[in-house]
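One letter stands for each residue in the lines below.
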Amino acid sequence: MAVKRMDNVGIVVEDLSGAIDFFDELGLELEGQATIEGEWAGRITGLGDQRVEIAMMRTPDGHSRLELSRLLAPAIVADHRNAPVNAFGYLRVMFAVDDIDETLERLRKRGAQLVGEVVQYGNAYRLCYIRGPEGLLIGLAQELS
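Source: prediction; values computed, not measured.

Rules of the game
- Residues numbered from 1 in each chain as written.
- Predicted model: local features only at pLDDT ≥ 70, side-chain atom pairs only at ≥ 80, totals over all residues.
- Heavy atoms only, no water.
- Phe/Tyr/Trp six-rings, centres within 6.5 Å; stacked < 30°, edge-to-face > 60°.
- Buried < 20%, exposed > 50% of the residue type's maximum accessible area, 1.4 Å probe, protein only.
- Helix = DSSP H or I, 4+ residues; strand = E, 2+ residues; numbered from the N terminus.
- Pairing = 2+ DSSP bridges.
- UniProt positions renumbered as here; feature names shortened; annotations may be inferred.
- Axes fitted to C-alpha atoms, helices over the stretch in contact; angles between N-to-C directions.
- Salt bridge = Lys/Arg side-chain N within 4 Å of Asp/Glu carboxyl O.
- Core = buried A, V, L, I, M, F, W, Y, C linked by side-chain atoms within 4.5 Å.
- Contact = heavy atoms within 4.5 Å.
- Polar contact = N/O pair within 3.5 Å; in protein donor to acceptor, adjacent residues only side chain to side chain.

**Student:** Residues and numbers for the packing of aromatic side chains, please.
**Tutor:** To describe a pair of aromatic rings, you give the distance between the ring centres and the angle between the ring planes. Going through the model one piece at a time under the given rule, you end up with two aromatic pairs. An angle of 85 degrees between the planes, with centres 5.4 Å apart, marks the rings of Phe22 and Phe23 as edge-to-face. Just as Phe22 is buried, Phe23 falls in that class too. Consider the rings of Phe23 and Phe95, whose centres lie 6.2 Å apart with planes at 50 degrees: the pair is tilted. Taken together, the positions of Phe23 in helix 1 (residues 16-26) and Phe95 in strand 5 (residues 93-96) put the pair 72 residues apart, joining distant regions of the chain. Here Phe95 falls in the buried class, since its relative accessible area comes to 11%. Among the aromatic side chains, those forming a connected cluster through ring pairs are Phe22, Phe23 and Phe95.

**Student:** So what's going on with the pairing of strand 4 (residues 65-73)? Which residues, and what values?
**Tutor:** Alignment of strand 1 (residues 9-12) against strand 4, held across four bridges, turns out to be parallel. Following the sheet pairing, Ile11 is matched in strand 4 by Leu68. Between strand 3 (residues 50-58) and strand 4, which pair antiparallel and follow one another directly, the connecting turn spans six residues, one of which, Gly62, has a positive phi of 80 degrees.

**Student:** Help me get a handle on the UniProt feature "domain: VOC" (unreviewed entry) in the protein, residues and values and all.
**Tutor:** In the numbering adopted here, UniProt assigns the feature "domain: VOC" (unreviewed entry) to residues 5-143. Secondary structure across residues 5-143 divides into 19% helix and 40% strand, with the first and last C-alpha atoms of the span separated by 23 Å.

**Student:** Describe in detail the sheet that holds strand 3, supporting the description with residues and values.
**Tutor:** Judged by pairing direction, the sheet is mixed, and its four strands sit side by side in the order 1-4-3-2 without closing on themselves. The open sheet has two edge strands, strand 1 and strand 2 (29-38), and neither has a second partner. Taking each pair of neighbouring strands and ignoring which way they run, the sheet shows an average axis angle of 25 degrees. Alignment of strand 2 against strand 3, held across nine bridges, turns out to be antiparallel. What sits directly across from Leu30, in strand 3, is Met57.

**Student:** Could you give an account of the pattern of salt bridges, with specific residues and numbers?
**Tutor:** Should their charged atoms come close, side chains of opposite charge can pair. Within this structure, the stated rule accounts for eleven salt bridges. In this structure, Glu31 engages Arg58 in a salt bridge whose closest nitrogen and oxygen atoms are separated by 2.5 Å. Of the two residues, Glu31 sits in strand 2 while Arg58 sits in strand 3, which places them 27 residues apart along the sequence.

**Student:** I'd love a proper account of the nonpolar core, names of residues and values included.
**Tutor:** Phe23, Leu26, Leu66, Leu68, Phe95, Ile130 and Leu140 are the most contacted members of the largest nonpolar core, which has 25 residues in total. Elements with a contribution of two residues or more to this core: helix 1, strand 3, strand 4, strand 5, helix 3 (100-108), strand 8 (125-131) and strand 9 (137-143). With six residues, the top contributor of residues to this core is helix 1. Contact partners of Leu140, with chain neighbours within four places excluded, come to Leu26, Met94, Phe95, Val97, Ile100, Thr103, Leu104, Leu107, Arg126, Leu127, Cys128 and Ile130.

**Student:** Can you break down the side chain of Ser69 residue by residue, with the values?
**Tutor:** By the secondary structure assignment, Ser69 is in strand 4. A relative accessible area of 9% places Ser69 in the buried class. One polar contact links Ser69 to Glu67, side chain to side chain, over a distance of 3.5 Å. Contact partners of Ser69, with chain neighbours within four places excluded, come to Ile11, Val12, Val13, Leu16, Val52, Glu53 and Ile54.

Here it is, written out as C-alpha cells:
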C-alpha cells in the first residue's frame, strides 16, 4: 500500500500565539486549537505524562497542515532553532508564495529576517530562507512563469 498523503508537519514553539500570528500573516488559516494530555498521548510520543497546547494551521489549498505545539510537560530537552542550513535532521518547511517580495515585506513586520538573499534558480523560481518566529527556518519559493 502506498502513502495516501503527508498529513502535517509539526513544529514545537515557546510562544504559540506569536507563531499562530506569524503563520496567519504568511497566509495559513487557523483550523483549531486544543490542549492534548493524558496517558494515551504519552503512549504515542513516548514522553509519558505529557501536556501540550496545539494549533493546527491549514494552507489555503487545504492540502497541507502545520501543527504548532507548545509543550507544557515534560520540559524541553533540546533546542535546534538556531541550527544552520547544513545541520542534520529536519531542517525547514518551504512555502510556495505568489510574490516573494511582498511576502517578505509583510513577514518582516512580524520579525522575520532574511537568512541570505533572494536568488533566482534558472527561469523556474525565486527562492529564499528566512528566520521566522523563535528563529525557525522557513523557505519561500515563488514560481516564475
